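Structural description and commentary
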Amino acid sequence: MKSNQASQETDLIRLEGVTLGYPGTVALQAISFTVKRGEFVGIIGPNGSGKSTLVKGILGLIPILRGTIELLGERPQKIKTLRSRIGYVPQKNQNEAKFPVTVQEVVMMGLYAQIGWFRRPRPSHWEKVAHSLKLVAMEGFATHPFSQLSGGQQQRVIIARALVAQPELLILDEPTSAVDLTAQAGILELLERLNKEAGITVLMVTHDINEIVHFCDKVLLLNKKMCGFGAPSQILTKEKLAPVYGSRVLIYHHKGHPHFLAGDFDT
């Protein structure tokens, strides 16, 4: 009994037989997996495979048609009580990039659940904002207009907003899309450090698993259903990937880790 209880305490996300969508419309089905405390899990699949749908289901933003989801030991319907323990980085929003606010004001938004929308932040809240900006190497931009930052800098600030409440779990939906290669490398280095050094559990949707394969613990492969879940060496194989991406899949190894290319390429 104690062993089972200890196991549950280390499970931050648990899905069992989950189908997501709306009445009459199934978006994703047959999903069962567990993310344990401290793990870094990458979610991959072709466009339209249900990656973002899965994240929204975990966060309680779309209906669960069948099965159960537990997030930090609670059902998604109780997400309001869990917000201070979860950091969420949605897909890049071009409208958000134009907000007429300062960098520190964007990060402060991550504390509104604690402060309340109509209350003034206290000095302790501003200290948390400063600490969060330091984590993402943006402390020198606190008073800069958010709209005047580069794409990579804006994404770091959005990550700082997700971190300001000191979450146990960080969920990111393609955080490196629409930023240049230098910004991508910086963001990925940051996420690896947060996971390995700060112990934050990370669930990350990515269009390119190769960018995180050298430090992620598990890979979840989707294509309207769960097609695989396990260590990168178990999932990044031709047997697993070809049914999802088509027969044009090339597996190669770099620095001891599997990588893959899908589509047209020269051999």
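Rules of the game
Residues numbered from 1 in each chain as written. Predicted model: local features only at pLDDT ≥ 70, side-chain atom pairs only at ≥ 80, totals over all residues. Heavy atoms only, no water. Axes fitted to C-alpha atoms, helices over the stretch in contact; angles between N-to-C directions. Helix = DSSP H or I, 4+ residues; strand = E, 2+ residues; numbered from the N terminus. Parallel < 35°, antiparallel > 145°, perpendicular 65-115°, else oblique. Left-handed = near helix turned anticlockwise from the far one by under 90°. Contact = heavy atoms within 4.5 Å. Nonpolar A, V, L, I, M, F, W, Y, C, P; charged D, E, K, R; others polar. Pairing = 2+ DSSP bridges. pLDDT = per-residue confidence, 0-100. Buried < 20%, exposed > 50% of the residue type's maximum accessible area, 1.4 Å probe, protein only. Phe/Tyr/Trp six-rings, centres within 6.5 Å; stacked < 30°, edge-to-face > 60°. Salt bridge = Lys/Arg side-chain N within 4 Å of Asp/Glu carboxyl O.

Another aspect to go through is the packing of helix α7 (residues 151-163) against helix α8 (residues 181-196). In a pair of packed helices, the angle between the axes and the distance between the axes together describe the arrangement. Axis separation between α7 and α8 bottoms out at 9 Å; the angle between their running directions is 20°. Judged by the angle between their axes, α7 and α8 are roughly parallel. Our pair here, α7 against α8, has a crossing hand that is right-handed. Taken together, the residues of α8 that come into contact with α7 (itself represented by Gly152, Gln155, Arg156, Ile159 and Leu163) are Ala183, Gly186, Ile187, Leu190 and Leu194. The residue inventory of the contact of α7 with α8, partitioned by class, reads six nonpolar, three polar and one charged.

What follows concerns the sheet that holds strand β5 (residues 86-89). Spatially, the six strands line up as an open sheet ordered β5-β6-β7-β3-β8-β9, and their pairing is mixed. A strand with exactly one partner marks an edge of an open sheet, and here the two such strands are β5 and β9 (226-230). For this sheet, the mean inter-axis angle between neighbouring strands, taken without regard to orientation, is 10°. Relative to the sheet, α8 contacts β3 (40-44), β6 (169-173) and β7 (201-205), its axis offset from that of β7 by approximately 150°.

For the chain, per-residue confidence averages 87 on the pLDDT scale, and 92% of positions sit at 70 or higher. Every residue in residues 1-8 scores below 50 in pLDDT, and together they form two contacts with partners more than four places removed in sequence or on other chains.

With that out of the way, let us pick up the sheet that holds strand β1 (residues 11-22). Strand order in this open sheet of three strands is β2-β1-β4, and the pairing throughout is antiparallel. Whereas interior strands pair on both sides, the edge strands pair on one side only; in this sheet they are β2 (25-36) and β4 (64-71). Strand after strand, the sheet turns through a mean of 10° between neighbouring axes, direction not considered. Alignment of β1 against β2, held across eight bridges, turns out to be antiparallel.

For Ser147, the position within the fold is in the loop between α6 (123-135) and α7. Ser147 sits 46 residues away from Val101 along the chain, and the two C-alpha atoms are 7.6 Å apart. Excluding its chain neighbours within four sequence positions, the residues that come into contact with Ser147 are Ala97, Lys98, Phe99 and Gln154.

This part is about the pairing of strand β8 (residues 218-222). Of all five residues in β8, four are buried; the element is thus mostly enclosed. As paired elements, β3 and β8 share four bridges and run parallel to each other. When the sheet's bridge partners are listed, Ile43 is paired in β8 with Leu220. Count of turn residues in the β8/β9 antiparallel hairpin: three residues, of which Lys224 carries a positive phi of about 70°.

Moving on: the packing of aromatic side chains. Pairs of aromatic rings are described using the distance from one ring centre to the other and the angle between the two planes. Overall, the coordinates contain three aromatic pairs when judged by the stated rule. Here Phe40 and Phe215 contribute two aromatic rings whose centre-to-centre distance is 5.1 Å and whose plane-to-plane angle is 85°, an arrangement assigned as edge-to-face. Note that Phe40 is positioned in strand β3 and Phe215 in the loop between β7 and β8, a separation of 175 residues in sequence. Just as Phe40 is buried, Phe215 falls in that class too.

The next subject is the pattern of salt bridges. On inspection of all chains with the given rule, the structure shows seven salt bridges. A salt bridge links Glu168 to Arg37; the shortest N-O distance between them is 3.1 Å. Highlighted residues: Glu168 in the loop between α7 and β6 and Arg37 in the loop between β2 and β3, separated in sequence by 131 residues. For Glu168, a relative accessible area of 26% corresponds to the partly exposed category. Here Lys196 and Asp217 are joined by a salt bridge, their closest N and O atoms 3.8 Å apart. Placement of the pair is Lys196 in helix α8 and Asp217 in the loop between β7 and β8, with a sequence separation of 21 residues. In this structure Lys196 comes out as partly exposed when scored by relative accessible area, which is 44%. Classification of Asp217 by relative accessible area gives partly exposed; the value is 29%. If you follow the salt bridges from partner to partner, you end up with Asp11, Arg14, Glu16 and Lys36 in one network.

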